[in-house]
Amino acid sequence: MAEQSGNKQEQHTLTYLSQLGSNFLDSLIRRFSNPETARRNRSILLLTTALILTIAILPSQHTSTFSYKIGDIAKSDIRVTKDMLVEDKALTEQRRKDAANNAPVVYNQSDQVSGAIADKLQQALAIKDAATQEKSKINIPALRTELVPLLDTTLSDAEILAFSRISADKIFLAHTNKLLDDLYQRKIVLDANVFQTDIRRGLEIADNNGHLIGGGYFSTSFTDIMEARRIVSNWSFKGIDIAFDNIRVASIISRMLLPNLFYNREASQVRALTAMETVRPVLFKLQKGEMVVRVGERITAEQSHKLDAIFGERRAGSQLFKALGTCTLILVLFYFPYRFACKNIRKFNPSNKDVLIISMLITISFLCFKTALLITSNIGPVFPSIDPSSYFYLFPFAAGAMIVRIFINSEVALVYCAITAPLLGIMFDNNMLVVIYSMLGGIVGAHGVRHCTSRSTVYTAGYKISVVNFAMALSFQTLNSSLFTMQTVYVSIFALLSGFISAGFVSSFIPLVETLFQYTTDIKLLELANLNSPVLRELMVKAPGTYHHSIVVGNLVEAAAESIGGNPLLARVAAYYHDIGKAAKPLYFIENQSGEENRHDKLTPSMSTLILVSHIKEGVELARENRLGQSIIDIIRQHHGTALIKFFYERAKSQAVLTGQTVEETDFRYPGPKPQTREAGIVMLADCVEAASRTLVNPTPDRIQGMVQKLVNNVFIDGQLDECELTLKNLHEIAKSFTAILNGIFHHRIDYPEPVSKGGDRARKSEVRESDKKEGGVETDADNAEQPPETPEISEQSVKKSGGENIKRLGMS
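Being a predicted model, the structure only gives us computed values, none of them experimental.

Asker: Looking at this structure, how should I read the packing of helix 16 (residues 410-427) against helix 17 (residues 432-448)?
Answerer: In a pair of packed helices, the angle between the axes and the distance between the axes together describe the arrangement. Close contact between helix 16 and helix 17 brings their axes to 8 Å; oriented N to C, the two are set at 160 degrees. Of the possible angle classes, the one that applies to helix 16 and helix 17 is roughly antiparallel. For the pair helix 16 and helix 17, the sense of crossing is right-handed. Note on element contacts: helix 17 touches helix 16 through Val434, Val435, Ser438, Met439, Gly442, Ile443 and Ala446, opposite Ala413, Leu414, Cys417, Ala418, Ala421, Pro422, Leu424 and Gly425.

As structure tokens, then:
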């Protein structure tokens, strides 16, 4: 007992929570569908969905950013999330240094060194001459003061005296210039060892203006500055009479020598920088799925460098730009295909509720795919033989498109595939194969459930998806030149399982979506078509006439919907439930009175009209209580349109003539709206035809055809079909199907020879004629025909005449 009590309490709690969740969703949908704020709500929904998808789509298979230093202990296994090239900075820097060290060295060769030395000697001789002319005795300190800065060398007293004793200045200068010119024909360098080292690196020789005039090679001849000074020290100058003076002057000139080929530091540094810039970074490849570090290992320098490469792109700056770019792309993919479909695809017209459901479906599915992607990216150690990139073949990408097709239509499902497939490719590291795989799988799945009348249809669609996925998997393996590998076996198994996984998800979620969002699928319609459902059983008990009328209307609309390519299942089920509101006041409708007193005789026409109209409102409320679905609720509201309740309108006019009052026709019309779909229009026509068919006397095929054509024509002329998609050709086919069904219902039987039967038939026919005289009159509305009109019965000739005219008016012969 205690266990049963606990189970009941648990069941009650679950029912309460389900009802609470459903009420919350109903409130959310009504608020979202508010026409005054619909545009703003859609914009908010678009931005919210884009932000959530941006978080889910960002291509990273790690839930947080790791920051490891050399020597730290790894807290988890870390694998490479995608193929990437990583720079080896140490090796790159070493190669750049090597390139700089091997860059050519620039030397400048000057042709003005000998001239500069000759000019200095000329100026020194001029100073010497001036000093010797002013005084007979040479002032050595004074002369040193002037000559040392000019000649740029130290001078001894003996050297100054020797220089002052040069007798023939012009001859000395001319001879010295010639010797210097001959000497500087050589390449004189400052240090022979350094010059030889630079030759091995590569040598570039430039003139005074920096223009390249040659290069240095191992065969290049050169003279060291010390060797040049030794050569000068052995010179014999003209214009000097004393041999010791010649030696001392040669010593002065040797110290004045400068190299004419000297190192250009700035130009050499430019060459080194240029050489470093030409060195490309040294890269090594990290393959997706490669293990970088295992949990518990100490981080090495190489591992630290790899981790920086993996997580470096997730730093705040780069991650922000990636998120911004991804969010912008999502907005573009959402908006422009939606606008294109609204303008160019006739049946693409999702309601606010549809948009909300699609947004929730996309968000939930992408979060699930992200979770599965994180799991499969880190499952490598468990199944090391399976490439982590092959797991996407297992994902149920087609489930979302199948759900959209079941609950909305094919056009919306196609746009759904076009939007989600590129986003899935981005999530899977810009994988184009994922785009193709998800899009084709979704299209095939949506096509497979186009007529989903049972659960088995979903699994049949899953089988089709598996076949197509298998074909794509083999194609992708062939494209990657890996058809004859073990991975082909794995991806084939995954592709075959994917279709059935998609079917399983769809089959599981259909009842949930139907319950929470009040969608009516073909599966739900089949369940509602059960005549033992609580609503129909209550209608049968309380209003048996209305129940029988609804069953016949169901037969009529099913045949008519099939003839014009509509939804016969929806039309039939809607016909069963279109008059359930009459169960509230069944005795106020003529088909349920069973010969009792007509209660409308004691009511005013306006009150009778209110009672007739109320069955629409009460039917809608009853349908909502029993969650029959929005499509059936809409047909209940629309199956009378704004038709005129003619019987009570005429009675009100006749009473108004006596009282002098005026009667407004709008007060005697149904509130509407007019039928918005083909199925609603068919139910309206069948409702009128079935009710009026009961008033026919001797219902021959010609009478039935004429009555049907007249009623269809009257409904058409009254403008009740202006807002649905029924064409004149459709009306022609509907009238033919109605006529065929009614001919089957009112088929003739042979008269039996027994007198009792004949008398019974004659009595029955007499009763029908009397009833027809009291009640019979063909009106354009079913409830009008169900009331006791006071108009004379339709004669056979008038029916035939009006029927023929209406046939011609609708283009029938």
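Asker: How should a nonpolar patch on the surface be read in this particular structure?
Answerer: A contiguous nonpolar surface patch, about 420 Å² in accessible area, is contributed by Leu414, Met432, Ile436, Leu440 and Ile443. Counting residues per element, the nonpolar patch draws most heavily on helix 17, which supplies four residues. Mapped onto the elements, leucine 440 comes out in helix 17. By relative accessible area, which is 37% here, leucine 440 ends up partly exposed.

Asker: Mind showing me how you'd approach helix 3 (residues 89-101) here?
Answerer: Taking 1.5 Å per residue as the helical rise, helix 3 with its 13 residues ought to reach 18 Å, and the 18 Å between its terminal C-alpha atoms agrees with that figure. Among all positions of helix 3, only Thr92, Ala99 and Ala100 are buried. With its buried residues spanning 100 degrees around the axis, helix 3 presents them on a single face. Of the surrounding elements, those touching the buried residues of helix 3 are strand 2 (84-87), helix 8 (192-201) and helix 11 (265-277).

Asker: Even after reading the chapter, I still don't get the packing of aromatic side chains, so can you show me in this structure?
Answerer: When we look at a pair of aromatic rings, we describe it by the centre distance and by the angle of the planes. Taken as a whole, this structure holds 24 aromatic pairs when the rule is applied. Ring geometry for phenylalanine 369 versus phenylalanine 395: centroids 6.2 Å apart, planes at 5 degrees, classification stacked. Here phenylalanine 395 lies in the loop between helix 14 (352-377) and helix 15 (398-407) and phenylalanine 369 lies in helix 14, a separation of 26 residues in the sequence. Considered together, phenylalanine 369 and phenylalanine 395 belong to a single accessibility category, that of buried residues. Note on phenylalanine 647 and phenylalanine 648: the rings are 5.1 Å apart at their centroids and 80 degrees apart in plane angle, and the pair reads as edge-to-face. Note on accessibility: phenylalanine 647 and phenylalanine 648 belong to one class, buried. Connected via pairs of aromatic rings, a cluster forms that spans Phe366, Phe369, Phe392, Tyr393, Phe395, Phe397, Phe428, Tyr437 and Phe476. A cation over an aromatic ring shows up here: lysine 353 above the ring of tyrosine 519, its NZ or CZ 4.2 Å from the ring centre. Here arginine 599 stacks its cationic end above the ring of tyrosine 588, 5.6 Å away from the centre of that ring.

Conventions and cut-offs
- Residues numbered from 1 in each chain as written.
- Predicted model: local features only at pLDDT ≥ 70, side-chain atom pairs only at ≥ 80, totals over all residues.
- Heavy atoms only, no water.
- Axes fitted to C-alpha atoms, helices over the stretch in contact; angles between N-to-C directions.
- Helix = DSSP H or I, 4+ residues; strand = E, 2+ residues; numbered from the N terminus.
- Parallel < 35°, antiparallel > 145°, perpendicular 65-115°, else oblique.
- Left-handed = near helix turned anticlockwise from the far one by under 90°.
- Contact = heavy atoms within 4.5 Å.
- Patch = residues over 30% accessible without salt bridge, like charges linked within 9 Å, V, L, I, M, F, W, Y side chains within 5 Å.
- Areas by Shrake-Rupley, 256 points an atom, 1.4 Å probe, with all protein chains shown as cover.
- Salt bridge = Lys/Arg side-chain N within 4 Å of Asp/Glu carboxyl O.
- Buried < 20%, exposed > 50% of the residue type's maximum accessible area, 1.4 Å probe, protein only.
- Expected span 1.5 Å × (residues − 1).
- Arc of directions from axis to C-beta.
- Phe/Tyr/Trp six-rings, centres within 6.5 Å; stacked < 30°, edge-to-face > 60°.
- Lys NZ or Arg CZ within 6 Å of the ring centre and 35° of its normal.

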